[in-house]
Amino acid sequence: MRIQNLINGHLVDPIAGQWLDVRAPANGQVYASLANSDKSDVVRAVSAAENAFPQWSNTTITERSAILMKIAEAIEEKQDTLATAESTDNGKPLTLAKKVDIPRAAENFRFFAHAITQFSSESHESIGLHTINYTLRQPIGVVGCISPWNLPLYLFTWKIAPALAAGNCVIAKPSEITPVTANILGELCLKAGLPKGVLNIINGRGDSAGQAIISHPKIKAISFTGGSKTGAQIATTAAPMFKKLSLELGGKNPNIIFADCDYSTMLKTTLRSSFSNQGQICLCGSRIFVERTIYDQFKKDFVKAVTSLKVGNPADSETDIGALVSLSHLNKVKSYIDTTPQEGGTILCGGDVLKIPHLESGYYISPCVIEVTSNTCRLNQEEIFGPVVTLMPFDTEAEALAMANDVPYGLSATVWTNDLKRSMRMSEKLESGIVWVNTWMQRDLRTPFGGVKDSGVGREGGTEALRFFTEAKNVCINYSE
Ligand code: NAD
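Attention here is on the structure that accompanies the text.

A few words now on the sheet that holds strand 25 (residues 470-478). Here we have three strands laid out as an open sheet, ordered 6-7-25, and antiparallel in their pairing. The sheet terminates laterally at strand 6 (123-126) and strand 25, the two strands that pair on one side only. Taken over all neighbouring pairs, the strand axes of this sheet differ in orientation by 20 degrees on average, direction set aside.

What follows is the structure in structure tokens.
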């Protein structure tokens with residue numbers, strides 16, 4: 001399979017003729033080659049997007065909404081193909097891709113197809129002065145959308161759907177590690193009637209294609225999801241060019257369990273919030289803090305549940321944990337696990353590199369639970385982004401809160417308690433963009449999504465995304481005689 005670029009409605013080879021290998025994590029084999037694009041490809045794409053902008057930004061809301069709706073339907077029609085492609089490309093269980101990734105990609109388009117019809121702006125009347133101010137929310141022009149490998153189509157569509165709905169033309173780059181579904185989507189968009197040049201997909205590495213997108217002077221806004229270090233690099237380039245920036249970055253999220261919670265729901269959900277997608281979700285609760293009175297019981301029950309998870313071929317319907325996304329990521333995750341003794345921790349289960357029969361070159365690690373004695377150890381401070389969680393007891397609400405907040409990150413937090421007042425006190429004080437009480441990853445697409453501290457800048461979701469992808473212009477009219 002050859003994955004080209006989508007520029008001005010055509011699939012084209014990269015100008016320099018360079019290609020990258022794409023590997024299937026389940027077996028480590030190369031199965032596709034990907035356009036290794038550079039600045040010249042980005043220049044070409046931006047010029048196509050600029051040409052398409054005057055017409056696209058002037059389509060009626062009804063027309064734009066209808067096209068987005070058709071894209072949602074096209075994703076649903078192709079859901080089996082897309083789910084299989086996502087699982088092959090990423091290593092995630094096929095069941096997960098079918099249940100979560102692909103339906104959510106369709107939902108992203110459907111949601112913003114509706115949201116744009118309800119998007120409104122403000123007016124301010126100055127009584128007594130015969131003046132009225134109103135705000136125009138105008139599309140920005142050409143915008144850049146850059147997405148990571150963990151939820152490939154889910155996050156790619158989460159960016160491009162609001163950007164297109166708001167009337168922008170897009171230069172999008174999926175991760176070079178998992179590019180397949182984004183490129184299938186490009187073709188679906190054309191079939192659904194998206195005019196040529198409105199969505200351009202540039203493939204390739206972050207330090208060439210990605211860097212060319214963020215430094216192109218005609219790209220006025222960048223929506224990026226990925227690692228915090230990359231986010232900082234992007235800001236260094238884009239901020240002095242006065243680009244609008246939305247940065248959704250890493251996390252090291254606390255999962256705080258009080259003794260008065262609904263124990264069985266908590267245990268089931270904690271298994272999911274720890275190891276879904278091999279722990280490769282920015283929202284995974286990787287630091288588990290448990291009230292001391294139930295700590296030993298939880299430790300026993302949790303470890304038992306974790307050891308019963310089935311690691312294996314992502315294509316098997318019984319698989320709970322598939323392959324990690326790449327060999328270099330597997331090595332990174334394993335190197336963290338190997339620091340356990342020097343970080344003062346104890347491995348309670350898992351953490352072994354596994355050889356799955358017939359898939360010996362795949363990237364598998366058994367889900368790992370580590371008991372730690374201090375929140376300041378590297379295992380609790382740095383994002384591992386794999387099937388690894390730490391456990392620690394606490395005695396008081398204040399202690400749990402202090403440890404939860406004592407990290408550079410602030411993306412999400414989960415609190416398990418049936419004490420309403422306590423849940424509200426915790427929600428108020430937790431330093432994170434999202435707090436879940438007695439649940440995890442329950443998403444309503446209208447809500448603001450994003451993090452504080454090193455987890456990012458800006459918010460996505462609902463009106464926040466449409467506001468990001470538009471420029472507010474105030475018009476002041478004096479109608480006095
Ligand atoms: P990454 O930062 O390595 O790459 C993300 C994307 O940025 C890729 O498309 C990559 O090619 C591109 N890129 C890399 N360097 C670039 C540069 N200099 N200029 C422009 N683009 C560049 O991240 P990853 O390893 O793909 O994803 C994992 C990270 O993403 C984790 O840290 C995870 O927490 C984070 N993440 C955050 C959220 C969120 O919503 N906050 C969601 C998912 C993942």
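The strand order 15-18-19-14-13-21-22 describes an open sheet built from seven strands, whose pairing is mixed. Either end of the sheet is taken by a strand with one partner, and the two such strands are strand 15 (346-349) and strand 22 (434-437). If you compare each strand with its neighbour and ignore which way they point, the axes differ by 25 degrees on average. Strands in contact with helix 13 (residues 397-405) are strand 13 (254-257), strand 14 (287-291) and strand 19 (388-394); relative to strand 19, the strand with the most contacts, it is inclined by about 150 degrees.

On to the nonpolar core. Membership of the largest hydrophobic core comes to 92 residues, with the highest contact counts inside it found for Ile75, Phe109, Phe112 and Leu283. No other element matches helix 4 (residues 94-118), which puts 11 residues into this core. Setting aside anything within four residues of it in sequence, one finds Ile75 in contact with Leu82, Ile102, Ala105, Ala106, Phe109, Leu185 and Leu188. Ranked by size, the runner-up nonpolar core spans 28 residues in total, among them Ala26, Val290, Tyr295 and Val311.

With that settled, the discussion passes to the environment of Ser40. Mapped onto the fold, Ser40 is located in helix 1 (residues 39-56). Overall, the relative accessible area of 30% leaves Ser40 in the partly exposed class. Each C-alpha atom, one on Ser40 and one on Lys243, is 21 Å from the other, the two residues being 203 residues apart in sequence.

A word on the site of the ligand. The environment of the ligand is formed by 30 residues, the closest being Lys173, Glu176, Thr230, Leu249 and Glu383. Interatomic distance of 2.7 Å between a side-chain N/O atom of Glu176 and an oxygen atom of the ligand. Separating an oxygen atom of the ligand from a backbone N or O atom of Gly226 is a distance of 3.3 Å. Surface burial for the ligand is 89%, taken as the share of its 850 Å² of free accessible area covered by protein chains. Sorting the residues of the shell around the ligand by element identifies helix 7 (206-215), strand 11 (219-225) and helix 8 (228-238) as the ones contributing at least two each.

Along the polypeptide, Leu391 turns up in strand 19. Overall, the relative accessible area of 0% leaves Leu391 in the buried class. Considered as a pair, Leu391 and Phe449 are 58 residues apart in the sequence and their alpha carbons are 27 Å apart.

This part takes up the packing of aromatic side chains. A full pass over the atoms with the stated rule returns seven aromatic pairs. Ring plane angle 80 degrees and centroid distance 5.2 Å describe the contact between Phe258 and Phe394, whose orientation is recorded as edge-to-face. On the criterion of sequence distance, the pair formed by Phe258 in the loop between strand 13 and helix 9 (263-275) and Phe394 in strand 19 is long-range, its members being 136 residues apart. Members of the aromatic cluster, connected to one another through ring pairs, are Phe111, Phe112 and Trp158. Sitting over the ring of Trp56, Arg64 keeps its end group 6.0 Å from the ring centre. Looking at Lys244, its charged tip hangs above the ring of Phe468, at a distance of 5.4 Å from the centre.

Turning our eyes to something else, we now look at the pattern of salt bridges. Per the stated rule, a full pass over the model turns up 16 salt bridges. Across the pair Lys453 and Glu431 runs a salt bridge, and its minimum N-O distance is 2.7 Å. Of this pair, Lys453 sits in strand 23 (residues 452-453) while Glu431 sits in the loop between helix 14 (420-429) and strand 22, and the two are 22 residues apart along the sequence. When its relative accessible area of 34% is taken as the criterion, Lys453 is described as partly exposed.

Among the secondary structure elements, Glu125 is positioned in strand 6. Overall, Glu125 belongs to the exposed group, its relative accessible area being 53%. Between the C-alpha atoms of Glu125 and Ile477, which are 352 residues apart in sequence, the distance is 9.7 Å. Excluding anything up to four places from it in sequence, Glu125 contacts Thr131, Ile132 and Tyr479.

Relative to the helices and strands, Ser87 is located in helix 3 (residues 79-90). Its relative accessible area of 6% is what places Ser87 among the buried residues. The contact partners of Ser87, leaving out residues within four places of it in the chain, are Lys92, Pro93, Leu94 and Pro314.

With that settled, consider the side chain of Asn5. As for its placement among the helices and strands, Asn5 is situated in strand 2 (residues 5-7). Its relative accessible area of 0% is what places Asn5 among the buried residues. A distance of 2.8 Å separates a polar atom in the side chain of Asn5 from the backbone nitrogen of Asn203. If near-sequence neighbours (up to four positions away) are discounted, Asn5 is found in contact with His10, Leu11, Val12, Pro14, Ala35, Ser37, Asp41, Ile201, Ile202 and Asn203.

Here helix 9 crosses helix 10 (residues 292-307) at 55 degrees, and the two axes come no closer than 11 Å. By the criterion of interaxial angle, the relationship of helix 9 to helix 10 is oblique. Judged by the sense of rotation from one axis to the other, the crossing of helix 9 with helix 10 is right-handed. Taking contact as the criterion, the partners of Tyr263, Met266, Leu267, Thr270, Leu271, Ser274 and Phe275 in helix 9 are, on helix 10, Ile294, Gln297, Phe298, Asp301, Phe302, Ala305 and Val306.

A word on helix 4. Over its 25 residues, helix 4 runs 35 Å from end to end, which matches the ideal 36 Å to within 8%, given 1.5 Å per residue. Along helix 4, the largest kink reaches about 30 degrees and is centred on Arg104.

Once that is clear, we can look at the pairing of strand 13. By the alternation rule, side chains of strand 13 split into Pro254 and Ile256 and Asn255 and Ile257, which are all buried. Crossover connection from strand 13 via helix 9 to parallel strand 14: handedness right-handed. Bridge count for strand 13 against strand 21 (residues 412-416) is three bridges, and the pairing is parallel. The partner of Ile256 across the bridge, within strand 21, is Val415.

Analysis parameters
Residues numbered from 1 in each chain as written. Predicted model: local features only at pLDDT ≥ 70, side-chain atom pairs only at ≥ 80, totals over all residues. Heavy atoms only, no water. Pairing = 2+ DSSP bridges. Helix = DSSP H or I, 4+ residues; strand = E, 2+ residues; numbered from the N terminus. Axes fitted to C-alpha atoms, helices over the stretch in contact; angles between N-to-C directions. Contact = heavy atoms within 4.5 Å. Core = buried A, V, L, I, M, F, W, Y, C linked by side-chain atoms within 4.5 Å. Buried < 20%, exposed > 50% of the residue type's maximum accessible area, 1.4 Å probe, protein only. Near = heavy atom within 4 Å. Polar contact = N/O pair within 3.5 Å; in protein donor to acceptor, adjacent residues only side chain to side chain. Areas by Shrake-Rupley, 256 points an atom, 1.4 Å probe, with all protein chains shown as cover. Phe/Tyr/Trp six-rings, centres within 6.5 Å; stacked < 30°, edge-to-face > 60°. Lys NZ or Arg CZ within 6 Å of the ring centre and 35° of its normal. Salt bridge = Lys/Arg side-chain N within 4 Å of Asp/Glu carboxyl O. Parallel < 35°, antiparallel > 145°, perpendicular 65-115°, else oblique. Left-handed = near helix turned anticlockwise from the far one by under 90°. Expected span 1.5 Å × (residues − 1). Bend = angle between axes of the 7 residues up to and from the residue. Right-handed = clockwise from strand over helix to strand, strands pointing away.

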